Amino acid sequence: MKKVILAAINLKDSKEDFDEKIEELKNLCIACNMEVVVTIIQNSRSMDPQSGFRKGKVEELLQLVKAYEVEEIVFYNTLSLTMATYLADLCQVDIIDRTTLILDIFYLRATSAQAKIQTEIARLKYALPRMLNIEYDNDKQRGGTLKNKGSGEKRSALIKKKVEKEIASLNRELAALKNNNDINANKRNNSGLKKVALVGYTNAGKSSLTNAILRYNNTVNKDVFSKDMLFATLDTSTRKVKYQGYEFLLFDTVGFVSDLPHELIEAFNSTLSCVLDADLLINVLDSSSHNLAMQKSVTMNTLKSIGADHIKVIDVYNKCDLNDLNEFISVSATNDYHIKELLSLIVTKLNEDHEARYYHIGYEKAFIMNKYTNALFTIINEDDGYDIEVRADKVTFNYIEEIINS
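Remember, predicted model here, so these are calculated numbers, not experimental data. (Residues numbered from 1 in each chain as written. Predicted model: local features only at pLDDT ≥ 70, side-chain atom pairs only at ≥ 80, totals over all residues. Heavy atoms only, no water.)

K.L.:
Would you mind going over the pattern of salt bridges with me for this structure?
P.N.:
When the charged atoms of two side chains lie near each other, side chains of opposite charge can form a pair. Counting across every chain of the model gives 17 salt bridges. A salt bridge links lysine 296 to aspartate 315, with the shortest nitrogen-to-oxygen separation between them at 2.6 Å. Remark: aspartate 315 occurs in strand β9 (residues 313-318) and lysine 296 occurs in helix α10 (residues 292-305); sequence separation between them is 19 residues. Residue classification places lysine 296 among the partly exposed residues on the basis of a relative accessible area of 33%. What you see here is one network of salt bridges that share partners, running through Lys312, Lys349, Glu352 and Asp353. (Salt bridge = Lys/Arg side-chain N within 4 Å of Asp/Glu carboxyl O. Helix = DSSP H or I, 4+ residues; strand = E, 2+ residues; numbered from the N terminus. Buried < 20%, exposed > 50% of the residue type's maximum accessible area, 1.4 Å probe, protein only.)

K.L.:
Would you take a moment to explain the pairing of strand β7 (residues 246-252) for this structure?
P.N.:
Working note: regular strand, side chains alternate between the two faces of the sheet. Of all seven residues making up β7, seven are buried, and the element is well covered by its neighbours. Both faces of β7 are covered, namely the face carrying Tyr246, Phe248, Leu250 and Asp252 and the face carrying Glu247, Leu249 and Phe251. Pairing of strand β5 (residues 194-199) with β7 involves five bridges; the strand directions are parallel. Residue pairing for β7: valine 196 is matched across the bridge by leucine 250. Bridge analysis of strand β6 (residues 237-243) against β7 gives seven bridges, and the strand direction is antiparallel. (Pairing = 2+ DSSP bridges.)

Have a look at this one:
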């Protein structure tokens, strides 16, 4: 593991809120195979324009680098090129900020072609201004006149053109992949099945919960990848789920994190499109965490930023086996506690806006309860056939009534 120092400047947050953010950053470092050997924090109203830290903290940082023989310093704050260059030259180690760290994690985790392309686009967009600033600084060192601004400006223009050309090429590749994904999405839409997306803070247990639901369904060899770490997977997984004869599509999505870099939100719009198309969102919260309020806030802010804050949301408190939290609804993806109740709630929510109609059908027409899996059937009475309540849309009712009246 790479040994790093975690550095941060608290500009406005309360100690409690800032401690939560630092804890999150430590977990991000672990997810990037880093060992945080020491943390250094300064409370200040502003950042020093040259070094970020004030003079005393800069000296303390230098002593920590020497004492712990670290390879890198990870800053919570976004540093200007001047700050990063000054500290790197002084400490003789690499300096990265939180956004770069998250981009690195996404780069390491990307497995599908789509995730790899999206990550590379985000990295290039974030790096481009810094490349141009470096060239501009080098140009100033070489000199130039008002008439001739020097070769550095020409190199900056070439760098910008080259990177923008690469981004455009990657966007074309991404568009081609998106067309294929749209074809698959259209097939799903044509199935008439409702869509449910698991969203929430990274490592809250979305993938584990997906697998618990699949186990309850006796779905064999369809598990999604799950691991106890931040951003274990970047790819959206889709599975068909059946409960009491009703079927819906379940999407396991990439996790959220506070202040997700806008480059990543923009780059992963196609990955998060399933969230925008969902009929219901399940906000999975880690009930064993001390930062529940922060987790919920992060999710709601991210949903708002991608335009999905109008979709119905159910808060589900996972990992209830690790504490005595008694929230509605508490589940455990580890021991399958309350999975049945969760599925019942999902089906109810998916159908609560549908009209309810009542029918009496003979035993010979009971097959309609298995035929139309996008409708919710409830058996009320079984004497001389079935008295049933059906919740569905008008189109489905037309099909059902055609069979009943035939």
